[in-house]
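Descriptive structure summary
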Amino acid sequence: MTKFILTIAFFITTLAGAQTQYEQGMQKAFALWGEGKTTEASALFERIASAEKNNWLPNYYVALVNTTTAFQTKDKNQIAALLGKAQEALNTELDKNPENPELLVMQAMINTAWIVADPMTNGMKLSAKTIEIYDKALKIAPENPRALFSKAEFEIGGARYFGNDTKPMCAQIDKAIELFAKFKPETPFHPNWGLDRALEAQKECNKK
Amino acid sequence: MKTIFTFLFLAFSIAAFAQQTISGKVTDEKGHPIAGANIFIEGTYDGDSSDEQGNFSFQTTAAGKQNLVITFLTYETLNQEIAVEDFKGRTVKLKESVNTLDAVVITAGTFESGDKARVSVLKPMDIVTTAGASGDIIGALLTLPGTQTVGEDGRLFVRGGEADEAQTYVDGLRVSQPYGATTNNLPTRGRFSPFLFSGIAFSTGGYSAEYGEALSSVLLLNTIDEPDNEKTDISLMSVGLGIGNTQKWEKSSLSVNTSYVNLAPYQVAIPQAVDWNRAYQSISGEMVYRYQFNSGLLKTYIAFDAADFDLNQENINQPEKIRVDVRNNNLYLNSSYKGYFGSNYQLTTGISYGYSHNKIGIGLDDVKNAEHATHMKIKIGKNLSERIRVTAGADYFTTKFDEDFKENAGNAFSSGYDNNIAAAYAETDIFFSKNFAAKAGFRFSHSDLLQESNLSPRLSLAYKVSKNGQFSLAYGDFVQSPRQEYLKYSSQFESEKTAHYILNFQYNKTGKTFRAEAYFKQYRDLVKYDTEISQFDSQFNNNGKGFAKGIDLFWRDNNSFKNLEYWISYSYIDTERDYKNYPKQVTPSFVADHSLSIVTKYWISDLRSQVGFTNSFNTGRPYNNPNESAFMNGKTKAYNNLSFSWAYLVSQQKILYFSVSNVLGTDNVFGYQYADNPNMNGEFQRQAIRQPADRFFFVGFFWTISENKKENQLKNL
C-alpha cells in the first residue's frame with residue numbers, strides 16, 4: 001500500500017510547470033502524501049475542497065488519503081475516525097454526483113477497509129453491498145479499469161478461501177490491465193492509480 | 001496575454017487587500033496542544049496545520065468578516081466567524097467529538113446488537129448460530145444474564161418478572177402477541193424469523209421513556225432498512241421447509257418468507273413424553289416492503305401464522321387424560337416511516353395491528369377468543385447541537401379482547417374488555433463531555449378502562465472512568481395494565497407498578513466485553529385474587545407487592561483464542577412477591593436463584609465448520625407442596641442443558657446445519673402439579689412437569705441463491 005501511494009505521489013509531482021493556485025495546492029498535497037505526512041496531505045486537500053466547491057477531486061483525495069491510512073492503522077478507534085472522515089468527504093461529492101464511477105469505487109474501498117478492520121462484524125453486512133456498488137460503477141463505466149480490477153480483487157479473496165475457481169477473476173484482472181493501458185485521465189489530477197497492484201495480482205494468478 | 005492578465009490581476013488584489021497574518025494555538029478543552037489540526041478560512045486556499053505545540057500561522061488575502069474552520073479527527077469541527085485583521089495569537093479550544101467509538105454510552109440495563117450499536121453484545125448471526133437457540137431470537141436471549149430459563153414456558157422472564165411483563169416492539173411499534181400458540185407446560189417460541197432483523201436491543205430494565213406498558217423488559221427488533229442484494233433462500237429442515245425471496249428496485253425492495261413446519265416426522269423419530277393426537281403444524285409467512293423517499297424510509301411488515309395441534313394431557317386431578325386441541329390464527333401488520341423534515345427534525349411514525357384468534361377444545365368444553373391490538377405512534381427528535389438531543393412523542397394503544405367459553409353441559413360464558421391507553425413522553429440526551437452523558441425523561445399515560453393516569457420519570461447517567469471502563473446508573477418508574485386473564489373478568493383495577501434502580505459497570509477492549517450489573521426492583525399494586533385460578537367470580541384487588549434484587553455478570557471474549565468466541569453469563573437473584581392467590585410473599589415458582597450459561601463457538605477452518613456448545617445451568621426452582629404447611633417450600637433439583645450445533649459451509653451459499661439440545665438427556669423437572677384433594681391416606685399426589693422429549697434434534701440445509709455469486713455457484717455444481 002505504501003508503494004501504491006508513493007507511485008501516485010511521484011507521478012503527480014513530476015508534472016511540469018504548474019500554474020494555478022489549484023495546481024500548486026494539489027501538487028503540494030501529493031508531495032506531502034508522498035512524504036508520508038498523511039494528516040497534512042488530508043488537511044491541504046480539505047482546504048482545496050473548501051475553495052473549489054465545484055471540483056470533486058479534492059474531496060475524493062481526502063477520502064483516499066484517509067482510507068489508505070486506515071488500512072495501515074491498527075487502533076480500531078483511529079480506524080473508525082479515519083473512515084468517518086473519508087466517508088464525510090465522499091458523501092459531500094456523492095450527494096452532488098451519485099453516478100461518478102470513481103466515487104463509487106472509493107465507496108467500495110471504504111467498505112473494504114471496514115471489512116478488513118472487523119471481518120466478523122462487517123463482513124456479512126458489507127460484502128454484498130460492496131459488490132453491488134462495483135456492479136453499479138461498471139454499469140456506468142464498463143471500461144473503468146479501477147472498478148473492474150477492484151471488484152475482481154475483492155472477489156478473489158472469498159473464492160480462494162472456499163477453494164472456488166479463481167479463473168474468472170483472473171480473466172477480469174487481465175482485462176483490467178488492458179483497460180489501464182487505454183485509460184486516459186481527464187487531467188493529471190484525476191484518479192489514475194491501480195495498474196501496479198493489478199500487475200501484482202496478475203502475478204499471483206499466474207503462479208498456479 | 002493570459003499571463004499578463006493574471007499578473008495584473010494578482011498585483012491588483014495584493015494592492016487592494018494587503019495580506020493579513022492569522023495566528024494562534026489550538027488546544028483541547030484541558031489546554032493541551034493539538035498537533036495536526038487543519039485551520040483555514042472557508043472558501044479560500046489559506047490555511048495551515050498546527051505544529052507540535054498546537055501553533056499555527058498563515059497569511060490570507062481575505063478581509064473583513066470570514067469563517068474560520070478548524071477540523072481535527074475525533075474532535076468537533078469548529079466554525080467561527082472572525083475578523084481577519086484582528087485574529088492573532090488567539091487560543092482556540094476544540095471539543096472532543098462525542099460521536100466516536102470511544103465516547104461514553106449509556107448501557108445500564110441494555111444489551112444491543114446490530115449496525116447501530118456501538119457496543120454490540122450479540123451479533124445478529126449469533127441468534128442463528130447459538131447452540132440450543134434453534135434459530136429462535138428468544139432462545140438466544142436466554143443465554144444473557146438477567147433472564148430465567150423457564151423450560152416449560154419458553155418465553156422471556158426477566159429479573160423476577162412474569163413473561164408478560166416483557167413487551168416486544170418491531171420498528172418501535174408494539175407486538176401484542178409475540179409468541180407462537182401453545183398450551184400448558186409446552187414451551188413456545190418467538191414468532192419472528194431472525195433473518196429479517198438487522199438490530200436487536202434487549203433491555204432488562206431502566207429503559208427509555210419511549211417505551212411503556214412493560215414492567216420488566218423491552219425487546220426492540222428493527223427490520224433491515226435495505227437488503228444487501230436480490231436473493232432466494234431455500235431451507236429444508238427436519239421440521240419443515242421454507243422459502244424466501246428478496247427483490248430490489250431503484251427505490252424500493254420486497255422480502256417475502258414463507259415456511260411450513262410439521263413436527264410429526266420428528267415426533268415419530270424421537271420418543272415423546274407427550275401423547276400427541278396431531279403434531280404441531282404451522283404455516284406462516286412474513287413480508288417486508290421498503291420504500292426510500294428522498295428524506296425518509298417507509299417500511300411495511302406483515303406476518304401471518306396459522307398453527308394447530310392436538311394432544312392428550314395428563315392431569316393429576318383426572319383419571320383420564322384431557323384432550324387439548326388448539327387452532328391459532330395470527331396476523332401482524334406494521335407500517336412505519338422514519339425521515340427528516342424542516343431544519344433537521346427527525347420524524348418517526350407508524351401504526352401496528354395485531355390479530356390473534358384461538359379456538360381451543362379442552363376435553364369436551366370449547367373456548368374461542370380473539371384479540372385486536374393496535375398501536376399508533378409518533379415521535380419527533382431534534383439535535384440541538386452535537387451534544388444535546390431532545391425527543392418527544394405520543395402513543396395510542398387499543399386492545400379489544402373477547403372470549404366465549406362453552407361448557408359441554410350447554411352453559412356459555414362471555415368475557416372481554418376494551419383497553420385504550422394514551423401516552424405522551426419527552427426525553428433529552430445530553431453529553432456533558434465525552435466522558436459523561438445523561439438521559440432524562442418522563443412518560444405520562446392514561447388508561448380509559450382503568451380510569452387512571454400515571455406519570456413515570458426515567459433517568460440514566462453514564463460516566464467513563466478509564467479508556468475502556470465506564471459506570472452507568474439508571475432509575476425509572478414503570479406501569480402496565482393488569483394481564484388479559486384478569487382484565488377479562490373485571491376492570492376494577494389499578495395498573496401494576498414497579499421502580500428500577502440499576503448500577504452498571506462495563507469494560508470494553510477489542511473483542512472483549514465485561515459487564516456487571518446490580519439492580520433493585522420494587523413492585524407495587526400487583527393483582528391478587530381469592531380463588532384457585534383467576535375466574536369470573538374472583539374477588540380481585542391491587543394489594544400485591546414484591547421486590548427483586550440481584551447481580552448479573554457477563555463476559556464475552558472473541559479475541560484471546562484463535563477462532564474461538566465464547567460468552568459466560570451468570571445471574572444471582574433474590575426475589576419475592578405476594579400476588580395471585582399467594583397467602584404471603586415468597587419466591588415465585590419461575591425463579592431460580594443462580595443461573596449460569598456458557599456459550600462457545602469454534603471455527604474450524606479446514607472443515608469450514610462452526611462447532612458450538614451451549615451449557616445452561618440453573619439451581620432448583622420453588623414449588624408449592626400442599627403436604628407441607630409452609631407455602632412454596634419445595635425446591636426442584638437443578639436444571640442442566642448441554643446443547644451442540646454444527647454448521648458446515650458447503651460453499652459460500654450453502655450451509656448444512658445440525659443441532660441437538662440436551663445432548664446428555666438430563667431429565668429436567670420444572671415443577672410439580674399437585675392434586676386438588678388429598679387421597680385416602682391424606683396425602684396430595686403429584687406429577688412432575690418435565691420436558692416434552694429428552695432431546696431435540698434438528699437438521700437443516702440452507703441455500704441462498706443470488707445474482708452476485710451465480711458465477712461461482714454454477715461452476716461448482
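Residues numbered from 1 in each chain as written. Chains lettered and ligands numbered in written order. Predicted model: local features only at pLDDT ≥ 70, side-chain atom pairs only at ≥ 80, totals over all residues.

Another point: the overall build of chain B. Secondary structure assignment for chain B yields 6 helices and 40 strands. Out of the 717 residues belonging to chain B, those deemed buried represent 38%. Of the contacts formed within chain B by residues at least 6 apart in sequence, a portion of 60% connects residues at least 24 apart. (Helix = DSSP H or I, 4+ residues; strand = E, 2+ residues; numbered from the N terminus. Buried ≥ 20, exposed ≤ 12 C-beta atoms within 10 Å, placed from the backbone. Contact = placed C-beta atoms within 7 Å.)

Further remarks concern the overall build of chain A. Assigned secondary structure in chain A consists of 10 helices and 0 strands. Starting at the N terminus and ending at the C terminus, chain A contains elements arranged as α-α-α-α-α-α-α-α-α-α. Counting over 208 residues, chain A shows a buried share of 44%.

It is worth spelling out the interface of chain A and chain B at this point. Opposite the 30 residues of chain A that make contact, chain B presents 31 residues. Counting residues per element, the ones that place at least two in the side of chain A that touches chain B are α2 (21-34), α3 (38-51), α5 (76-96), α7 (119-140) and α8 (145-161) of chain A. Residues belonging to the side of chain A that touches chain B are distributed by class as follows: 13 nonpolar, 8 polar and 9 charged. (Nonpolar A, V, L, I, M, F, W, Y, C, P; charged D, E, K, R; others polar.)

Here we take up the domain arrangement of chain B. Looking at chain B, the domain boundaries give domain 1 (2-93) and domain 2 (110-716). For domain 1 of chain B and domain 2 of chain B, the distance between their C-alpha centres works out to 57 Å. (Domains from an automatic or database assignment.)

Regions with low pLDDT should not have their predicted coordinates read in detail. Per-residue confidence for chain A gives a mean pLDDT of 87, with 89% of residues at or over 70. Of all secondary-structure elements in chain A, the lowest mean pLDDT belongs to helix α1 (residues 2-13) of chain A, at 50, while helix α4 (residues 57-71) of chain A reaches the highest, 96. (pLDDT = per-residue confidence, 0-100.)

The next point concerns the sheet that holds strand β2 (residues 38-41) of chain B. As summarised here, the arrangement of the 4 strands in space is β3-β2-β5-β6 (chain B), forming an open sheet in which the pairing is antiparallel. Edge strands, defined here as strands with exactly one partner in the open sheet, are β3 (47-49) and β6 (78-83) of chain B. The average angle at which neighbouring strand axes cross in this sheet is 20°, direction not considered. Packed on one face of the sheet, α3(A) meets β2, β3 and β5 (65-71) of chain B and runs near 20° to β2(B). (Pairing = 2+ DSSP bridges. Axes fitted to C-alpha atoms, helices over the stretch in contact; angles between N-to-C directions.)

Looking now at the pairing of strand β16 (residues 240-248) of chain B. All names here are of chain B. As paired strands, strand β15 (residues 231-237) and β16 are joined by 7 bridges and run antiparallel to one another. Note that in β16 the partner of Ile234 across the bridge is Ile243. When β16 meets strand β17 (residues 252-262), the two strands line up antiparallel, connected through 9 bridges. Note that in β17 the partner of Leu241 across the bridge is Tyr260.

Quick look at the nonpolar core now. In this structure, Ala29(A), Phe45(A), Ala63(A), Leu83(A), Met106(A) and Ile110(A) are the most contacted members of the largest nonpolar core, which totals 56 residues. A per-element tally of this core places helix α6 (residues 101-117) of chain A first, with 10 residues. Among residues more than four places away in sequence, those in contact with Met106(A) are Tyr60(A), Ala63(A), Leu64(A) and Leu90(A). Phe157(B), Leu215(B), Val479(B) and Phe554(B) belong to the second largest nonpolar core, which has 50 residues in total. (Core = buried A, V, L, I, M, F, W, Y, C linked by C-beta atoms within 7 Å.)

Let us now look at the sheet that holds strand β1 (residues 20-27) of chain B. By way of backbone hydrogen bonds, the strands of a sheet pair with one another, either parallel or antiparallel. All names here are of chain B. As summarised here, the arrangement of the 3 strands in space is β4-β1-β7, forming an open sheet in which the pairing is mixed. The sheet terminates laterally at β4 (55-60) and β7 (90-93), the two strands that pair on one side only. Strand-to-strand twist across the sheet, computed as the mean angle between neighbouring axes with direction ignored, equals 35°.

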